[in-house]
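# Descriptive structure summary
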Amino acid sequence: MQTVPETGYLPGDAGYRRLSVALFAAGLATFAMLYSTQPLLPELAAQFRVSPGESAFTVSLATLGLGVALLIAGPASEVFGRTKLMRWSVAIAAGIAVLCALAPNWPALLALRGVQGVALAGLPAVAMAYLREEVDESSHARASGLYVAGTAVGGMTGRLVAGGLAELGGWRTALGGIALLGVTCAVLVAFLLPASRNFVATPPSPRRLLEQTARVLKDPALLALYGIAATAMGAFVAVYNATGFRLAAAPYGLGPGLAGLVFAVYLVGSAASAVAGRLADRYGRRAVVPIGCLITMAGVATTSAAPLPLIVLGLAVMTAGFFAVHGVASGWVAVRAHAGGGGTGQAASLYLFAYYLGSSVFGGLAGTAWSRGAWPGVVAEASALLLLTLALALLIRRIPSRMRN
């Protein structure tokens, strides 16, 4: 007898609260670990005697490993389920975080960061698909916004904690603190994340999975959303990768602890993601994403100013705009794919593959842009990418809708 799908969780339900806390903790741990080395780049460059561009490999290899693994994790979740993959992803990545703090040399650290990126793929590969299945449709954008808010807080926490601990005890102490945070969050996820109630497994047929993947690669709106992921994330990471070097140089001369405080602006991104989700429910995703692009561009332009308060303001505005774009676009992918006949896991994986490919490629190029053109070179790279983001967001407005999206 066919199982009747259960009603999705609504705000106020006990299950919704457990789900929200668990995914917030998972997002916090995942992105704290993923970007834990970003505020440490100047110290790593000096400690291991590598260039700014080479130091950025500790970020780029992790995001590249994550992006490649997403192509496997998403389809695998369609067969084996969502919750086990998310729980194991956070737990294994936390264990590797401990090993990163103990890495004996530069090659070992790079190798561990690449493997850690692969382990981290389980959460972002399926979180949006899990939310679409388990949360009532009327609250989907809101729940997605809360999850992305957790990733924003995670990105901020990882950078702040790592920067502060590096000031006290060096990069090993910094990565050890992030590992402890990861282990704590992994325990919360293991005990709080509700099991899937509405997941329907896809038979383990390569042909079926290939058909679903082909479907989500033929939709022009989804292709544009993948492009938005790559260009917006590339610009965002490029700016933050270079920020540490800018603030460590004259006339600022800030250490990793003080420089890391600029990542407190991630709180703005967390709030912006949640607000953008509510606005998308009210006014539509097609209206919110282009506005988020314009806000991001304005923030990047503001960082060109020399006074430190204006740099921080520019980063805050850029962060708010970026998380508005990403928070809405990432949830849009799952909704659009479902409306087109399925393959939400594959669609979410492809979106995030593009997202982290953009982070790896364009974020890695930020070191070269900084070395050759200082901050104007970084701003030029980010602005060009964001112009492409805006063009893609406007293109989607001309593509027929499959539902209210």
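Bear in mind that the values here come from a model prediction, so they are computed numbers and not experimental data.

## Some points on the overall build of the chain
Check the secondary structure of the chain and you find 16 helices and zero strands. Against the 2.2 N^0.38 benchmark of 22 Å for 405 residues, the chain shows a C-alpha radius of gyration of 20 Å, consistent with a compact globule. Restricting the contact set of the chain to residue pairs at least 6 apart, pairs at least 24 apart contribute 84%. Surface exposure of the chain reaches about 15400 Å², of which carbon and sulfur atoms provide 70%. Looking at the chain, you have 27 positive and 14 negative side-chain charges, and the mean spots of the two groups are 3 Å apart.

## Details of the nonpolar core
Residues Leu-23, Leu-109, Tyr-147, Tyr-226, Phe-236 and Tyr-356 are the most contacted members of the largest nonpolar core, which totals 129 residues. Sort the elements by how many residues they give to this core and helix 16 (residues 344–396) lands first, with 18 residues.

## Let's talk about a nonpolar patch on the surface
Among the surface-exposed residues, Phe-57, Leu-61, Leu-64, Val-68, Leu-357, Val-361 and Leu-365 lie close enough to one another that they form a single nonpolar patch of about 530 Å² accessible area. Where the nonpolar patch is concerned, the elements lending two or more residues are helix 4 (57–80) and helix 16. Relative to the helices and strands, Leu-357 is located in helix 16. For Leu-357, a relative accessible area of 34% corresponds to the partly exposed category.

## Examining helix 11 (residues 220–248)
Here helix 11 spans 43 Å end to end across 29 residues, near enough to the 42 Å set by a 1.5 Å rise per residue. Along its length, helix 11 shows its largest kink, about 30 degrees, at Ala-242. Extensive coverage of helix 11 is indicated by the burial of 25 of its 29 residues. The N-cap of helix 11, judged by a side-chain oxygen 3.0 Å from the amide nitrogen of Ala-221 a few residues on, is Asp-219.

## A closer look at the confidence of the model for the chain
Confidence in the prediction of the chain, expressed as mean pLDDT, is 86, and 93% of residues score 70 or more. Mean pLDDT across the elements of the chain ranges from a minimum in helix 10 (residues 206–218), with 72, to a maximum in helix 6 (residues 106–120), with 96.

## Describing the side chain of Ser-360
Secondary-structure assignment places Ser-360 in helix 16. Beyond its immediate stretch of four places on either side in the chain, Ser-360 contacts Ser-60, Thr-63 and Leu-64.

## Focus on the environment of Ala-62
Along the chain, the position of Ala-62 falls in helix 4. Spatially, the C-alpha atom of Ala-62 lies 28 Å from that of Gly-253, the residues being 191 residues apart in sequence. Residue contacts for Ala-62: discarding those within four places in its chain leaves Leu-34, Phe-57, Arg-113 and Gly-117.

## Regarding the pattern of salt bridges
Scanning the model with the defined rule gives two salt bridges in all. For the salt bridge of Glu-133 with Arg-82, the shortest nitrogen-to-oxygen distance reads 2.5 Å. A residue pair is termed long-range when its members are at least 10 positions apart, and Glu-133 in helix 7 (residues 122–134) and Arg-82 in the loop between helix 4 and helix 5 (83–101) qualify at 51 residues. Relative accessible area serves as the criterion here: at 10%, Glu-133 is assigned to the buried category. Since its relative accessible area comes to 2%, Arg-82 is described here as buried. Across the pair Asp-219 and Arg-336 runs a salt bridge whose closest N-O atoms are separated by 2.7 Å. With Asp-219 in the loop between helix 10 and helix 11 and Arg-336 in helix 15 (residues 308–339), this pair connects stretches of sequence that are 117 residues apart. Taken individually, Asp-219 and Arg-336 each receive the classification buried, so the pair is uniform in this respect.

## Side note on the packing of aromatic side chains
Per the stated rule, a full pass over the model turns up nine aromatic pairs. With a centroid separation of 5.7 Å and 85 degrees between ring planes, the pair formed by Phe-236 and Phe-323 is classed as edge-to-face. Residue Phe-236 is located in helix 11, and its partner Phe-323 is located in helix 15; the two are separated by 87 residues in the primary sequence. With respect to burial, Phe-236 and Phe-323 carry one shared label: buried. Over the ring of Tyr-240 we find Arg-159; its NZ or CZ atom is 5.8 Å from the centre of that ring. One residue, Arg-197, lies across the ring of Tyr-9, its end atom 4.0 Å from the ring centre.

## Brief notes about the packing of helix 1 (residues 14–34) against helix 5
When two helices pack together, their arrangement is given by the angle between the helix axes and by the axis-to-axis distance. It is the contact of helix 1 with helix 5, at a shortest axis distance of 10 Å, that shows an interaxial angle of 35 degrees. Our pair here, helix 1 against helix 5, has a crossing hand that is left-handed. In this structure, helix 1 contributes Leu-23, Ala-26, Ala-29, Thr-30 and Met-33 to the contact, and helix 5 contributes Met-86, Val-90, Ala-93, Ala-94 and Ala-97.

## Quick notes on the environment of Ala-46
Here Ala-46 is to be found in helix 2 (residues 41–48). Each C-alpha atom of the pair Ala-46 and Leu-192 lies 41 Å from the other, and the pair is 146 residues apart in sequence.

About the criteria used
Residues numbered from 1 in each chain as written. Predicted model: local features only at pLDDT ≥ 70, side-chain atom pairs only at ≥ 80, totals over all residues. Heavy atoms only, no water. Helix = DSSP H or I, 4+ residues; strand = E, 2+ residues; numbered from the N terminus. Rg over C-alpha atoms; globule rule 2.2 N^0.38 Å. Contact = heavy atoms within 4.5 Å. Areas by Shrake-Rupley, 256 points an atom, 1.4 Å probe, with all protein chains shown as cover. Lys, Arg positive; Asp, Glu negative; His and termini not counted. Charge placed at Lys NZ, Arg CZ, Asp CG, Glu CD. Core = buried A, V, L, I, M, F, W, Y, C linked by side-chain atoms within 4.5 Å. Buried < 20%, exposed > 50% of the residue type's maximum accessible area, 1.4 Å probe, protein only. Patch = residues over 30% accessible without salt bridge, like charges linked within 9 Å, V, L, I, M, F, W, Y side chains within 5 Å. Salt bridge = Lys/Arg side-chain N within 4 Å of Asp/Glu carboxyl O. Expected span 1.5 Å × (residues − 1). Bend = angle between axes of the 7 residues up to and from the residue. Polar contact = N/O pair within 3.5 Å; in protein donor to acceptor, adjacent residues only side chain to side chain. pLDDT = per-residue confidence, 0-100. Phe/Tyr/Trp six-rings, centres within 6.5 Å; stacked < 30°, edge-to-face > 60°. Lys NZ or Arg CZ within 6 Å of the ring centre and 35° of its normal. Axes fitted to C-alpha atoms, helices over the stretch in contact; angles between N-to-C directions. Left-handed = near helix turned anticlockwise from the far one by under 90°.

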